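# Examining the three-dimensional arrangement
What follows is the residue order along each chain.
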Amino acid sequence: MPRDAVQRRAFSVYSRIVGTGSYLPEQIVTNFDLERRMDTSDAWIRERTGIERRHIAPLGQSNVDMAEQAARAAIAAAGLQPTDIDLISFGTTTPDLVFPNAGVLLQARLGCRGGPAFSLEAACSGFIYALAVADKFVRAGDAKHALVVGSEILSRITDHSDRSTAILFGDGAGAVVLAASAEPGILSTHLHADGSYQHLLYCTGGPARGPAPGNMPPGDVVRMAGSEVFKIAVTLLGRIVDETLAANHLEKSDIDWLVPHQANIRIIQAVARKLGLPIEQVIVTVQEHGNTSTASVPLALDVGVRDGRIKRGDLLLLEALGGGVTWGSALLRY
Ligand code: COA
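Residues numbered from 1 in each chain as written. Predicted model: local features only at pLDDT ≥ 70, side-chain atom pairs only at ≥ 80, totals over all residues. Heavy atoms only, no water.

Secondary structure summary: the protein chain contains eleven helices and 13 strands in total. For 334 residues, the compact-globule formula gives about 20 Å, and the C-alpha radius of gyration of the protein chain, at 19 Å, lands near that figure. Projected onto its principal axes, the C-alpha coordinates of the protein chain cover approximately 65 × 45 × 40 Å. Pairs at least 24 apart in sequence give 76% of the contacts found in the protein chain among residues at least 6 apart. As presented, the protein chain carries roughly 14300 Å² of accessible surface, and 53% of it is formed by carbon and sulfur atoms. Measuring between centres, the 31 positive side-chain charges of the protein chain sit 2 Å from its 35 negative side-chain charges. (Helix = DSSP H or I, 4+ residues; strand = E, 2+ residues; numbered from the N terminus. Rg over C-alpha atoms; globule rule 2.2 N^0.38 Å. Contact = heavy atoms within 4.5 Å. Areas by Shrake-Rupley, 256 points an atom, 1.4 Å probe, with all protein chains shown as cover. Lys, Arg positive; Asp, Glu negative; His and termini not counted. Charge placed at Lys NZ, Arg CZ, Asp CG, Glu CD.)

Rendered as structure tokens:
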């Protein structure tokens, strides 16, 4: 191995979160607003999901518009300049364009040219996937300040006439900056996928496949077999909690904070129970944000950091499951 590569590796043992940021569109849609549009009720939505309101981006606001706000907040929190960013790893399933990818569009907005910038689609696990990839670049010595983003405008692929999904989703963006560090840092990431479940949660179309024959507006939309996905989520997220703890030789009681994907309060409670964690040690934003897909974990993380609950040195478990299915976790010392 060349000497400079050996030196780089010696310094970049871990990647560490040095800044977090988030952005939510101004417009809020409450359960009461939805009651007026479809056959549902505030009581049903709160009881079955925990959601009370969600933010919805107006037409004219794009994914990268939101991502830029979250990214700038994370970079400022890290005490860095956008030009310090040398890699962008961007999780999203609702990119502005098929290409250039969302990472490249964001790079242009931030004015940090030259480093790699890419987006990846792993539905609601997209941020965990993007974080795991960026962590490996930093640990390998190939990036010093990586920007990791989860940003989503699910309202653009929601069937607003389908009460079983329209009540769930919201828009938003979250971001973190990872820096190379001798101190931990991200301790481990665990990624999984099982494509045999693809029929349970998916978008009906894409650029290569084209729209389904006879497909009329609202165009391509999310379809979900909710109760099946619910059961799979509880099982697989419970399993990944065990996997993550075992890989790090840790006990459940070592975890200070669970920062889960915010799909449903009942799934969050099931994972917390598995960890033996009281709900007070879980960052819960589902009531405010709904399910923002790739944005939900970094949004929750930013809330916990900025309101002072998550402190430097705390041990955090991040987890998510999404369409595919894909699922993943990250264990980190904040
Ligand atoms: N308002 C009122 N009633 C509704 C409703 C709504 N918005 N949506 C569905 N219902 C009805 C159904 O029609 C059904 O009625 P029926 O018994 O007369 O047939 C009943 O409520 C129960 O439906 P079901 O789908 O079994 O409810 P559920 O308890 O499973 O809750 C979800 C539905 C979607 C909230 C829940 O399954 C869920 O959160 N799933 C997982 C989502 C997830 O984690 N996604 C992965 C990451 S994106």
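Let us keep going from here.
Here we come to the environment of F118. Mapping F118 onto the fold places it in strand β5 (residues 117-120). A relative accessible area of 19% means that F118 is categorised as buried. Distance in space between the C-alpha atoms of F118 and L301 is 22 Å, their sequence separation being 183 residues. Ignoring sequence-local partners within four residues, the contact set of F118 consists of L87, I88, S89, F90, N101, G103, V133 and F137. (Buried < 20%, exposed > 50% of the residue type's maximum accessible area, 1.4 Å probe, protein only.)

Regarding helix α3 (residues 42-49), the residues found buried are D42, I45 and T49. For α3, the arc enclosing every buried residue in end-on projection is 80°, short of the 170-degree limit, so these residues lie on one face. Among the structural elements, α2 (31-37), β3 (53-55), α9 (265-275) and α10 (286-289) are those in contact with the buried residues of α3. G50 sits one or two residues past α3 and shows a positive phi near 85°. (Arc of directions from axis to C-beta.)

Take the nonpolar core next. Ranked by size, the top nonpolar core spans 41 residues in total, and within it L237, I255, L258, L275, L317 and L321 carry the most contacts. Of all elements in the fold, only α8 (226-247), α9, β12 (315-322) and β13 (326-333) reach the threshold of two or more residues within this core. Once residues within four sequence positions are removed from consideration, L237 is found in contact with I267, V271, E319, A320 and L321. Residues F127, Y129, I186 and L332 belong to the second largest nonpolar core, which totals 32 residues. (Core = buried A, V, L, I, M, F, W, Y, C linked by side-chain atoms within 4.5 Å.)

Attention now goes to unusual backbone geometry. In the segment running from P184 into G185, the intervening peptide bond is cis, with an omega of -5°. Tracing the sequence through the fold places G185 in the loop between β7 (171-181) and β8 (186-193). Cis geometry marks the peptide bond from G324 to V325, where omega comes out at -5°. Tracing the sequence through the fold places V325 in the loop between β12 and β13.

Before going further, it helps to spend a moment on the site of the ligand. In the vicinity of the ligand there are 22 residues, among which T40, R48, C124, R163 and N264 approach most closely. Here an oxygen atom of the ligand sits 2.7 Å away from a polar atom, N or O, in the side chain of N264. Against a free-state accessible area of 960 Å², the protein chains account for coverage of 71% of the ligand. The set of elements that each furnish at least two residues to the shell around the ligand consists of α3, α7 (163-166), α8 and α9. The dominant element in the shell around the ligand, judged by the number of residues it contributes, is α8, at four residues. The class makeup of the residues in the shell around the ligand is ten nonpolar, eight polar and four charged. (Near = heavy atom within 4 Å. Polar contact = N/O pair within 3.5 Å; in protein donor to acceptor, adjacent residues only side chain to side chain. Nonpolar A, V, L, I, M, F, W, Y, C, P; charged D, E, K, R; others polar.)

Here we come to the packing of aromatic side chains. Across all of its chains, the model carries one aromatic pair by this definition. For the pair F118 and F137, a centre-to-centre distance of 6.2 Å together with 35° between the ring planes defines the contact as tilted. Linking F118 in strand β5 with F137 in helix α6 (residues 126-139), this pair joins segments that are 19 residues apart in sequence. Looking at R312, its charged tip hangs above the ring of Y334, at a distance of 3.9 Å from the centre. (Phe/Tyr/Trp six-rings, centres within 6.5 Å; stacked < 30°, edge-to-face > 60°. Lys NZ or Arg CZ within 6 Å of the ring centre and 35° of its normal.)

Given 3.6 residues to a turn, an α-helix orients residues that are three or four positions apart in the same direction. Burial analysis of helix α11 (residues 296-306) places nine of its eleven residues in the buried class, which makes it a mostly covered element. Turning to α11, its buried residues are S296, V297, P298, L299, A300, L301, D302, G304 and V305. Positive backbone phi, approximately 85°, marks G308, located one or two places after α11.

With that settled, consider the environment of V229. Mapped onto the elements, V229 comes out in helix α8. For the pair V229 and G322, spaced 93 residues apart in sequence, the C-alpha to C-alpha distance is 8.8 Å. With residues near it in sequence (within four places) discarded, V229 still touches L200, L201, M224 and L321.

Its location among the elements puts G170 in the loop between α7 and β7. Residues G170 and A182 lie twelve residues apart in sequence; the distance between their C-alpha atoms is 37 Å.

Packed helices, taken two at a time, are described by their axes: the angle between them and the distance between them. As a packed pair, helix α4 (residues 63-77) and helix α5 (residues 102-110) sit with axes 10 Å apart at the nearest point and diverge in direction by 60°. When the interaxial angle is binned, α4 and α5 end up oblique. The element α4 and its partner α5 pack so that their crossing is right-handed. From α4, V64, D65, A67, E68, A71, R72 and I75 reach across to α5, where they touch A102, L105, L106, R109 and L110. Looking at side-chain class alone, the contact of α4 with α5 contains eight nonpolar, no polar and four charged residues. (Axes fitted to C-alpha atoms, helices over the stretch in contact; angles between N-to-C directions. Parallel < 35°, antiparallel > 145°, perpendicular 65-115°, else oblique. Left-handed = near helix turned anticlockwise from the far one by under 90°.)

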